[in-house]
Amino acid sequence: MSFINFAAREINCKIVYYGPGLGGKTTNLQQIYDKTTDKQKGKMISLATETDRTLFFDFLPLDLGTVRGFKTRFHLYTVPGQVFYDASRKLILRGVDGVVFVADSQAERMDANVEALDNLQDNLKEHGYDLMKVPYVLQLNKRDLPNALPADQLKRDLMKRNEATFEAVAFQGQGVFETLKEVARQVLLELKKG
Ligand SMILES: Nc1nc2c(ncn2[C@@H]2O[C@H](COP(=O)(O)OP(=O)(O)OP(=O)(O)O)[C@@H](O)[C@H]2O)c(=O)[nH]1
Ligand SMILES: [Mg+2]
């Protein structure tokens, strides 16, 4: 649910990056953080383990221009991908406006992709959201690795609807902003409808 602050003329939207552990969710946010101006962004907050696995969430507020005189502020979150942090994932999805699923293209991570996607669908449902209807983008990450499956095969196995898909090499910034722009576009479109 986007939050509109009329006094401040500000629209607040929440985007959640979801996906299997080590797929590159936090890396997406780090790239966005690194490549935006100070004026555009707030502090990036990360709660992580010593080995940089997301413990609770990564959070980055980002200003993406104005819509009819309202400043649009996107709050980007990532969930911890590790299977046993399901309670955190569920909590972070609360009030979500748009979802990016960051899939790991490596063949040996296919089961983890499918499991995380099922988990996303279940957790959205618990909040009353439908994966078939929410603003949603599928990112195929780690395209640089030799064991990456062909993109067509990943799409066949992971696409849920006619969603936009982007190939990415997140740690090099490739595909990161394309993904963000598309999910933001969809969220703003929903806002205009509502
Ligand atoms: N080769 C390659 N490595 C990547 C890519 N994107 C991210 N990585 C690396 O993958 C590792 C995990 O990335 P994270 O962004 O921490 O993964 P995550 O999805 O946030 O993981 P959790 O927080 O445990 O759920 C890091 O070492 C990244 O540098 C990519 O496109 N290609
Ligand atoms: Mg992470």
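All of these numbers come straight from a predicted model, not from anything done at the bench. (Residues numbered from 1 in each chain as written. Chains lettered and ligands numbered in written order. Predicted model: local features only at pLDDT ≥ 70, side-chain atom pairs only at ≥ 80, totals over all residues. Heavy atoms only, no water.)

Peer 1: Which residues make up the overall build of the protein chain, and what values go with them?
Peer 2: Across its full length, the protein chain holds five helices and eight strands. Its helices and strands in sequence order give the protein chain the pattern β-β-α-β-β-β-α-β-α-β-α-β-α, from N to C terminus. Its C-alpha atoms give the protein chain a radius of gyration of 16 Å, near enough to 16 Å, the size a compact globule of 194 residues would have. Seen along its three principal axes, the alpha-carbon backbone of the protein chain occupies a region of about 50 × 30 × 30 Å. For the protein chain, with 194 residues in total, the buried portion stands at 52%. Restricting to contacts in the protein chain with at least 6 residues of sequence separation, those with at least 24 account for 69%. Only carbon and sulfur atoms are counted for the fraction: they give 52% of the accessible area of the protein chain, which is about 9,700 Å². Of the charged side chains in the protein chain, 27 are positive and 25 negative; the average position of the first set lies 7 Å away from that of the second. (Helix = DSSP H or I, 4+ residues; strand = E, 2+ residues; numbered from the N terminus. Rg over C-alpha atoms; globule rule 2.2 N^0.38 Å. Buried < 20%, exposed > 50% of the residue type's maximum accessible area, 1.4 Å probe, protein only. Contact = heavy atoms within 4.5 Å. Areas by Shrake-Rupley, 256 points an atom, 1.4 Å probe, with all protein chains shown as cover. Lys, Arg positive; Asp, Glu negative; His and termini not counted. Charge placed at Lys NZ, Arg CZ, Asp CG, Glu CD.)

Peer 1: Quick rundown of the site of ligand 1? Include the residues and the values.
Peer 2: Looking at ligand 1, there are 19 residues lining it, with K25, T27, R53, G81 and D144 nearest. Across the complex, the protein chains shield 82% of the 660 Å² of accessible surface that ligand 1 would expose by itself. No other element matches helix α1 (residues 25–34), which puts three residues into the shell around ligand 1. A breakdown of the residues in the shell around ligand 1 according to their chemical character gives seven nonpolar, eight polar and four charged. (Near = heavy atom within 4 Å. Nonpolar A, V, L, I, M, F, W, Y, C, P; charged D, E, K, R; others polar.)

Peer 1: Can you break down helix α4 (residues 151–158) residue by residue, with the values?
Peer 2: For α4, the complete set of buried residues consists of A151, L154 and L158. On an axial view of α4, the arc spanned by its buried residues comes to 60 degrees, and they lie on one face. Away from its buried face, by an angle of more than 90 degrees, α4 presents the exposed residues D152 and R156. Those residues of α4 that are buried are in contact with β6 (98–104), α3 (110–126), β7 (136–141) and β8 (164–167). (Arc of directions from axis to C-beta.)

Peer 1: Any chance you could break down the coordination of the magnesium ion (ligand 2) for me, citing the residues and the numbers?
Peer 2: Of the protein atoms, only T26 (OG1) and T54 (OG1) coordinate the magnesium ion (ligand 2), at distances of 1.9 to 2.1 Å. Separated by 28 residues along the polypeptide, T26 in helix α1 and T54 in strand β4 (residues 54–67) bring together distant segments of the chain. Each member of the pair T26 and T54 is classed as buried. (Donors = N, O, S within 2.8 Å, 3.2 Å for Na, K, Ca; no water.)

Peer 1: So, a nonpolar patch on the surface: which residues are in play, and what are the values?
Peer 2: The grouping of I45, L47 and L55 at the surface amounts to a nonpolar patch, some 230 Å² of accessible area in total. Inspection of the secondary structure assignment puts L55 in strand β4. (Patch = residues over 30% accessible without salt bridge, like charges linked within 9 Å, V, L, I, M, F, W, Y side chains within 5 Å. Salt bridge = Lys/Arg side-chain N within 4 Å of Asp/Glu carboxyl O.)

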